[in-house]
Amino acid sequence: MSSSSAHERTYLSDYRPPDYRIPRIDLQFDLDPALTKVRSRMWLERQTPDATPLRLHGEQLELLTVFINGKLLCDTQLTIEGPLLVIDGLPERCELCIENTIRPVANKALSGLYLSQGGFFTQCEAEGFRRICYFIDRPDIMSIFTVELRADSKRFPTLLSNGNCIAHSTLADGRHSAKWHDPFPKPSYLFALVAANLSFIQDTFATISGRTVDLRLYARNDDLSQCHHALDSLKQAMRWDEEQYGREYDLDLYMVVAVSDFNMGAMENKGLNIFNTKYVLASPETATDRDYQNVAGVIAHEYFHNWSGNRVTCRDWFQLSLKEGFTVFRDQQFSADSGSSAVKRIQDVNLLRTHQFREDSGPMAHPVRPSSYVEINNFYTLTVYIKGAEVVRMLHTILGAERFRKGCDLYFERHDGEAVTTDDFLRAMQDAAGVDLSQFARWYDQVGTPRISIRGHFDTAKHTYTLELEQRTPALGQTSPVQPLHIPINTALLTHDGQPMKTRRKGFDERAHEHLLEMTESCQAFEFCDVSSKPIVSLLRGFSAPVILDQSVPPGTLGALMSHDDDPYCRWDAAQQLARRAILRVLEDLTKQRQPNVDELFVQAFARVLDHASEDRALQAQVLTLPEEEYLSQDMVL
Ligand code: SER
Ligand code: ZN
């Protein structure tokens, strides 16, 4: 694949396996803010039958020397082609040593090796490693890293890299050295180093198989007292991943480092997570409940990447949602289990509906798995992260918890140590669950938010209720024809005043309150039998698919849903719709200089929500929270 850094477009369809593998790399850093020297020793294995030239990525590097199997290469044996270093005539296997320098103090991009408050930090996802040294900087190159850091002992007493520390020594001139070895092959985007003056708090975690893991949370000394919540959250996340996904941590040490200059929220580097301080520090004096939840959520997210991202990684950057969508789904489940699951779901849906839906309908719209990019950093989007998580959630809904877990187990077992694709993920789910997911796979490729229109018909004589659904996904410049998606729609029927009804789907034996309607055609009818009276419909329960329902629900029905629906998301959604009507009505009264009138129905429903004394208080508060401006202005014609 060509490099994306020369403003060329990179296409998924151009993917080719790499010409060389680099099973092992040793790195040595002489750290100096103005000029840092990097020596790399790589063990190369050519994968092609002919002597294909080796192409290494490098950006903002000063090349000093290149040795092949101990022999210095002269300038004529190498060419620099833009951001590539090209070396021709290599034997099938060889040892390549390169020396180069970099200027961390001049690196203001916060990608590669940079300085923050006088310390060295790295960020290599997606393509930052090439700003440190020459390498085949793509995620399907997985190597075992050994890293030696050398720096001034007073200014940089803390020297960290991935894996386990295997040596520490004092050098001449007030410098010291630390050597780190990570036994797990990893892509270069998971490489990290830290050289700074930090303190740490620590704890231990006993894994399910009885191993003891040292946990360390590094921060500036003054910030240390605010790190305890993050450390507690880490232990909870480690236990949760063992219990819910059977995933055990694999190294003897897990480190989290807080830094104040950081482009993203946090980064899951193997064994050495680097975090924006915003997602580590929390103290009761300054942090809200939501801040505490965010710290726990991000700590869990980065920890969960150890399996969904690090042990099984992405073949190329088009597969970003393979690790991000799946890991966001996992952190959402974790947070749901740690507090009010109803409120967590509503918060996630709210973010998706107000922000991702907008992205999905505007000039930035792109599929969960894009087919081309110019700059991969522009694809760390809500679509890849949270629509990607909804896609995984739909799989969970369609397969059910048990078969979904089997699919995950198979995925991790089959692909441990590999760099794979979203198709591989679906294949594991399909093989473990024995279902055909070929139509479902369209969720990864089709852009835009599907809209579903609804018509219902109650047959008084036959006691049946028929729901006719029609799905449409906007074409949004997509050249291939828009095809119907496989959409799980959780549905229940309620009596006119909102009480649950048990009904039977036509062709099914069992009577149930909630039914999973699997829509696969453009237009599809679903019939319910044993329906004693004209029902109201509780649709898309739990927000079972990232779609927009095109329907105009009468205010009386919204009032009943808001007060009584047993599905928290549907109650909240009805409350939002009802509140929106009430607010817009008041606005209209005001603009027309009339006495404003608050909708009586809304007031009554509001009061009934307050009356449910036994309820989840956080949910009650959420249902009564008035809609955000983004929601109020949607579909508003000015
Ligand atoms: N990979 C990171 C994450 O966890 C982004 O830096 O989302
Ligand atoms: Zn992530």
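None of the values given here were measured: they were computed from a predicted structure.

Q: Looking at this structure, how should I read the packing of helix α9 (residues 555-564) against helix α10 (residues 568-591)?
A: Helix-helix packing is described using two parameters, namely the angle between the two axes and the distance between the axes. Orientation of α9 relative to α10, taken along the N-to-C sense of each, is 135°, at an axis distance of 8 Å. Viewed along their axes, α9 and α10 adopt a mutual orientation that is oblique. In this structure, α9 meets α10 at a crossing whose hand is left-handed. Across the interface between the two elements, P555, L558, G559, L561, M562 and S563 of α9 pack against R571, A574, A575, Q577, L578 and R581 of α10. Across the contact of α9 with α10, the residue classes break down as seven nonpolar, three polar and two charged.

Q: Honestly, the coordination of the zinc ion (ligand 2) in this entry has me stumped. Any pointers?
A: Note on metal sites: the ideal angle is 109.5 degrees for four tetrahedral donors, and 90 or 180 degrees for six octahedral donors. The protein atoms that coordinate the zinc ion (ligand 2) are H301 (NE2), H305 (NE2), E324 (OE) and E324 (OE), at distances of 1.9 to 2.7 Å. Metal-centred angles of 50 to 159° between the six donor atoms at the zinc ion (ligand 2) mark the site as irregular. When the donors of the zinc ion (ligand 2) are listed by position in the chain, the intervening gaps give H-x3-H-x18-E. With H301 in helix α2 (residues 289-304) and E324 in helix α3 (residues 320-338), the pair connects residues that are 23 residues apart, well separated along the chain. Its relative accessible area of 2% is what places E324 among the buried residues.

Q: I tried to follow the site of ligand 1 on my own but got confused; where do I start?
A: Surrounding ligand 1, one finds E125, M264, A266, M267, E268, H301, E302, H305, K323, E324 and Y385. Separating a nitrogen atom of ligand 1 from a side-chain N or O atom of E125 is a distance of 2.6 Å. At 2.7 Å from a nitrogen atom of ligand 1 is found a side-chain nitrogen or oxygen belonging to E268. Protein contact buries 95% of the 240 Å² of open area that ligand 1 shows by itself. A per-class count over the shell around ligand 1 returns four nonpolar, two polar and five charged.

Q: Looking at this model, I keep getting lost on the pairing of strand β32 (residues 536-539). Mind explaining?
A: Each regular strand carries side chains that alternate between the two faces of the sheet. Of the two faces of β32, the one carrying I536 and S538 and the one carrying V537 and L539 are both buried. Sheet topology note: the strand β27 (residues 487-494)/β32 ladder contains four bridges and is antiparallel. Bridging across to β32, A492 finds its partner in S538.

Q: Please clarify how the sheet that holds β27 should be interpreted in this entry.
A: What links the strands of a sheet is backbone hydrogen bonding, and the strands pair in either a parallel or an antiparallel sense. One open sheet accounts for three strands, arranged β30-β27-β32; its pairing is antiparallel. Single-partner strands in this sheet number two, and they are β30 (514-519) and β32. Each neighbouring strand pair of the sheet contributes to a mean axis angle of 35°, computed without reference to strand direction. With six bridges connecting them, β27 and β30 associate as antiparallel partners. What sits directly across from N490, in β30, is L516.

Q: It is not clear to me how the pairing of strand β8 (residues 84-87) should be interpreted in this structure. Could you clarify?
A: Of the two faces of β8, the one holding L84 and V86 and the one holding L85 and I87 are both buried throughout. As paired elements, strand β4 (residues 54-57) and β8 share four bridges and run antiparallel to each other. What sits directly across from R55, in β8, is V86. Pairing of strand β7 (residues 78-81) with β8, which is carried by four bridges, proceeds in the antiparallel orientation. Following the sheet pairing, I80 is matched in β8 by L85. Between β7 and β8, which pair antiparallel in sequence order, lie two residues; one of them, G82, sits at a positive phi of approximately 60°.

Q: It is not clear to me how the confidence of the model for the protein should be interpreted in this structure. Could you clarify?
A: In low-pLDDT regions, the fine details of the predicted coordinates are not to be read closely. Considering every residue of the protein, the mean pLDDT works out to 96; 99% of them sit at 70 or more. Counting contacts from residues 1-5, a segment whose pLDDT is below 50, to residues more than four positions away or on other chains yields 22 contacts.

Q: Would you mind going over the side chain of D567 with me for this structure?
A: Structurally, the position occupied by D567 is in the loop between α9 and α10. When neighbours within four sequence positions are excluded, D567 is seen to be in contact with R541 and G542.

Q: When you look at the pattern of salt bridges in this model, what are you seeing that I'm missing?
A: Side chains that carry opposite charge are capable of pairing whenever their charged atoms lie near each other. The full count for this structure, using the stated rule, is 46 salt bridges. Residue D250 is joined to R311 by a salt bridge in which the shortest nitrogen-to-oxygen separation is 2.7 Å. Linking D250 in the loop between α1 (228-245) and β19 (253-259) with R311 in the loop between α2 and β22 (313-314), this pair joins segments that are 61 residues apart in sequence. Take D250: its relative accessible area is 15%, and that puts it in the buried class. Here D409 makes a salt bridge to R405, at a shortest N to O gap of 2.9 Å. Taken as a pair, D409 and R405 lie in helix α6 (residues 401-415) at a separation of four residues, close to a single helical turn. On the basis of relative accessibility, which here comes to 26%, the residue D409 falls in the partly exposed class. Classification of R405 as partly exposed rests on a relative accessible area of 28%.

Each value, and the rule that gives it
Residues numbered from 1 in each chain as written. Chains lettered and ligands numbered in written order. Predicted model: local features only at pLDDT ≥ 70, side-chain atom pairs only at ≥ 80, totals over all residues. Heavy atoms only, no water. Axes fitted to C-alpha atoms, helices over the stretch in contact; angles between N-to-C directions. Helix = DSSP H or I, 4+ residues; strand = E, 2+ residues; numbered from the N terminus. Parallel < 35°, antiparallel > 145°, perpendicular 65-115°, else oblique. Left-handed = near helix turned anticlockwise from the far one by under 90°. Contact = heavy atoms within 4.5 Å. Nonpolar A, V, L, I, M, F, W, Y, C, P; charged D, E, K, R; others polar. Donors = N, O, S within 2.8 Å, 3.2 Å for Na, K, Ca; no water. Tetrahedral: all angles 85-135°; square planar, octahedral: opposite > 155°, others 65-115°. Buried < 20%, exposed > 50% of the residue type's maximum accessible area, 1.4 Å probe, protein only. Near = heavy atom within 4 Å. Polar contact = N/O pair within 3.5 Å; in protein donor to acceptor, adjacent residues only side chain to side chain. Areas by Shrake-Rupley, 256 points an atom, 1.4 Å probe, with all protein chains shown as cover. Pairing = 2+ DSSP bridges. pLDDT = per-residue confidence, 0-100. Salt bridge = Lys/Arg side-chain N within 4 Å of Asp/Glu carboxyl O.

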